[in-house]
Every structure is written in C-alpha cells, then in structure tokens.
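Structure at a glance
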Amino acid sequence: MNLIEALVFYAAVALALAGAVGMVSARNPVHSALFLIANFFALAVIFLLLSAPVLAALQILVYAGAIMVLFLFVVFFFVQPGQKHEYVHSLPVQSFLAGVLVLVLVVVLVAGLYFGGVFAAEEQIRYLGAARADLADPQQLGRTLFSRYLLPFELTSLLLLAAMLGAVVLARRDRGKEGRS
Amino acid sequence: MELMVSHSLVLSAVLFTIGVLAVLARRNPLVMFMGIELMLNAANLAFIAFARHLGELDGQVYALVFMAVAAAEVAVGLAIIVSVYRYRRDVDVDAVSQLRG
C-alpha cells in the first residue's frame, strides 16, 4: 500500500463512518438517505482499492442509483413536511439497551477478528500468488460468473422476478375498497 | 494479512454494528430499512476484502449475488412500508401490531 493509496483509503474509511453515523443520528429521513448515499460512494472507492472495479461500478449503479432513489421516492411521497412523529417505545429503556447491545457486538466482532489473526503478518506471503494480478479483470469475473456460478446467477434472476411480482401485488391498491382512501 | 484488507474487515464490523444500532434504536421504518442496507453492505465489504486476501474471485461473485438479494429485499420491503403508510398515514413500527398471522 503506497502513500496515495493509503491516503485515499483512509479518507474513504472516514467518509464511510461519517455517513453511517449521520444516517443513524439524522432526525429527518431524507437526511438519513443522503448520508447513506455518501457511505455507499465511500464503499465504492474502497471496493476499487480492493481491486474489484466491477463491484465498485455496480455499487454506485445499484445502491446509490436504484435503491436509494427508491427510498427517496417513498420518503418524498409519504412523509409530509413538518410531520410530527409520536413514537411509543414499547420498551422504556430501548435506546439504552440498544446502545449496550451494540457496544457488546462491536467488541465481540473486533475481538474475533483480532484473535482470528487478522493483524497477523505471517500469512501475507502465502497468498501473494499469480491469481492476484487478474483479480481486477472484469473478463475473469464474467467467466467465473457464467461457468462455475451459473446456477446461482440464474436463480438470482428468478429471485428478482419473484420480488418484482411481490412488490406489485403488495403496493397495488385494493380494488374492492376503492372508496376508503 | 495485508493492512488494507484487515482494516477493511474492521470497517466492515463497525459498519455492521452501526446498521444494527439503526434497526434497534430508531423507530422510523425507513431508517430501520436503511440500517438493513448498511448491514448488507458491510457483509459485501467483508466478502470483497477476503477475495482480495485469497486472490480468488469467488468472494466478488458472492458480493454480486448479495447486491441482487438486497435489491429484491428493498423492492418488497418498501412495498410493505407503502401499503402500511397508505393505511395508517404514519408509521410507528411498534404500533403496527395488526400484522399477525
């Protein structure tokens, strides 16, 4: 990792963390969505540095382009300006409990990574093989996708079709109760 | 392990935790949904980091399939949120207790 790579990487890490924290803490759902878009762009930069250019492009196209536009569409469509939310917490100390659980979770995850040898240096040599060079090649990814992973790829199309039908059925206005709303 | 890979894995863990926090602490279903997206993205980051570490493309293929799953999940989830909004005008996830099977 040379100096420029390191600079870009840690700037992207900072942006990703800022976007995630902003997403949780913003009061307005529109602001949450915009923070999340910043987070997705930062992750796309990290994917690019981890030699996955196809996934970096797809991250921007699919997440920032399609999914977040869908989110913003729903927010703009249904949330009235100045709408007051009166949320009732069924657990009175819910935020506190959530904070404690999340703290425990992050400690467990990072400790697991640490004791699992993420920062151990000795494995570095073993994997610096010939395969490293064509990891960033879209052609290789396409060949892998359409040979070894052909069945999951085709099943993905089935999943998307099912989700499309499900979304249409769920969001359709009920014909029998037209006069209600 | 390469420093960038291990730091990516730590970032992935932290982002996943922030997604969990969004689901647990926020009561707006849209923001909770964004938390789920964040968790899926954190898993994607871990897959891609391991693909880089092992020098194999398999992790990238998994990440690709994950993105399709996330898109499908968003389509269905937002359709549910839209129908609840249409019915109640405001959404509090604790108040939606009529969805019982």
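Residues numbered from 1 in each chain as written. Chains lettered and ligands numbered in written order. Predicted model: local features only at pLDDT ≥ 70, side-chain atom pairs only at ≥ 80, totals over all residues. Heavy atoms only, no water.

1. Some thoughts on helix 4 (residues 94-115) of chain A
For helix 4 of chain A, with 22 residues, the first-to-last C-alpha span of 31 Å sits near the 32 Å given by 1.5 Å per residue. For helix 4 of chain A, the full list of buried residues reads Gln 94, Ala 98, Val 102 and Leu 113 of chain A. Seen end-on, helix 4 of chain A carries its buried residues on one side only, within an arc spanning 60°. Exposed and facing more than 90 degrees away from the buried side of helix 4 of chain A are Phe 96, Leu 103, Val 107, Val 108, Tyr 114 and Phe 115 of chain A. Residues of helix 4 of chain A that are buried make contact with helix 1 (3-25) of chain B. (Helix = DSSP H or I, 4+ residues; strand = E, 2+ residues; numbered from the N terminus. Expected span 1.5 Å × (residues − 1). Buried < 20%, exposed > 50% of the residue type's maximum accessible area, 1.4 Å probe, protein only. Arc of directions from axis to C-beta. Contact = heavy atoms within 4.5 Å.)

2. Here's the deal with unusual backbone geometry
The backbone of Ser 51 of chain A sits at a positive phi, close to 55°, despite the residue not being glycine. You can see Ser 51 of chain A is positioned in the loop between helix 2 (29-49) and helix 3 (53-78).

3. Some details on the interface of chain B and chain A
The interface of chain B with chain A comprises 74 residues on the first partner and 79 residues on the second. Roughly 7,400 Å² of surface becomes buried between chain B and chain A when both sides are summed, with 73% attributable to carbon and sulfur atoms. On the surface where chain B and chain A come into contact, there are 1 salt bridge. The partner of Arg 148 of chain A in a salt bridge is Asp 58 of chain B, and the shortest N-O contact between them spans 3.0 Å. Here chain B and chain A share 9 residue pairs in polar contact (both at pLDDT 80 or more) between them. For the side of chain B that touches chain A, the secondary-structure elements that each account for two or more residues are helix 1, helix 2 (29-54) and helix 3 (58-88) of chain B. In terms of residues, the side of chain B that touches chain A owes the most to one element, helix 3 of chain B, which gives 24 residues. Grouping the amino acids of the side of chain B that touches chain A by side-chain chemistry returns 50 nonpolar, 12 polar and 12 charged. (Buried area = accessible area lost by both parts, 1.4 Å probe. Salt bridge = Lys/Arg side-chain N within 4 Å of Asp/Glu carboxyl O. Polar contact = N/O pair within 3.5 Å; in protein donor to acceptor, adjacent residues only side chain to side chain. Nonpolar A, V, L, I, M, F, W, Y, C, P; charged D, E, K, R; others polar.)

4. Looking at a nonpolar patch on the surface
On the surface, a cluster of nonpolar side chains totalling about 530 Å² of accessible area is made up of Val 93, Phe 96, Leu 97, Val 100, Val 104 and Val 108 of chain A. Examined against the element boundaries, Val 93 of chain A turns out to sit in the loop between helix 3 and helix 4. (Patch = residues over 30% accessible without salt bridge, like charges linked within 9 Å, V, L, I, M, F, W, Y side chains within 5 Å. Areas by Shrake-Rupley, 256 points an atom, 1.4 Å probe, with all protein chains shown as cover.)

5. Side note on the packing of helix 1 (residues 3-25) of chain A against helix 1 of chain B
Helix 1 of chain B packs onto helix 1 of chain A with a crossing angle of 5° between their chain directions and a minimal axis gap of 9 Å. Here helix 1 of chain B runs roughly parallel to helix 1 of chain A, going by the angle between their axes. Across from Phe 9, Tyr 10, Val 13, Ala 16, Leu 17, Ala 20, Val 21, Met 23 and Val 24 of chain A in helix 1 of chain A, the residues of helix 1 of chain B making contact are Leu 3, Met 4, His 7, Ser 8, Leu 11, Val 14, Leu 15, Ile 18, Leu 21 and Ala 22 of chain B. Taken together, the residues that form the contact of helix 1 of chain A with helix 1 of chain B break down as 17 nonpolar, 2 polar and no charged. (Axes fitted to C-alpha atoms, helices over the stretch in contact; angles between N-to-C directions. Parallel < 35°, antiparallel > 145°, perpendicular 65-115°, else oblique.)

6. Thoughts on the nonpolar core
Grouped together as the largest cluster of nonpolar side chains are 69 residues, with contacts concentrated most on Met 23, Ile 46, Leu 50, Leu 55, Met 68 and Phe 71 of chain A together with Leu 30 of chain B. For this core, the secondary structure elements donating two or more residues are helix 1, helix 2, helix 3 and helix 5 (138-147) of chain A together with helix 1, helix 2 and helix 3 of chain B. Setting aside residues up to four positions removed in sequence, Leu 30 of chain B forms contacts with Phe 71, Val 74, Val 75 and Val 79 of chain A together with Leu 78, Ile 81 and Tyr 85 of chain B. (Core = buried A, V, L, I, M, F, W, Y, C linked by side-chain atoms within 4.5 Å.)

7. Observations regarding the confidence of the model for chain B
Predicted confidence across chain B gives a mean pLDDT of 86, with 86% of residues reaching 70 or more. Model confidence for the complex: the whole-complex pTM is 0.87, and ipTM, which rates the interface, is 0.88. (pLDDT = per-residue confidence, 0-100.)

8. A look at helix 3 of chain A
Here helix 3 of chain A contains 26 residues, and its C-alpha end-to-end distance of 36 Å stays within 8% of the 38 Å for a straight helix at 1.5 Å per residue. Residues of helix 3 of chain A that are buried: Leu 55, Ala 56, Gln 59, Tyr 63, Ala 64, Ile 67, Met 68, Phe 71, Leu 72, Val 74, Val 75 and Phe 78 of chain A. Those residues of helix 3 of chain A that are buried lie in contact with helix 2 of chain A together with helix 2 and helix 3 of chain B.

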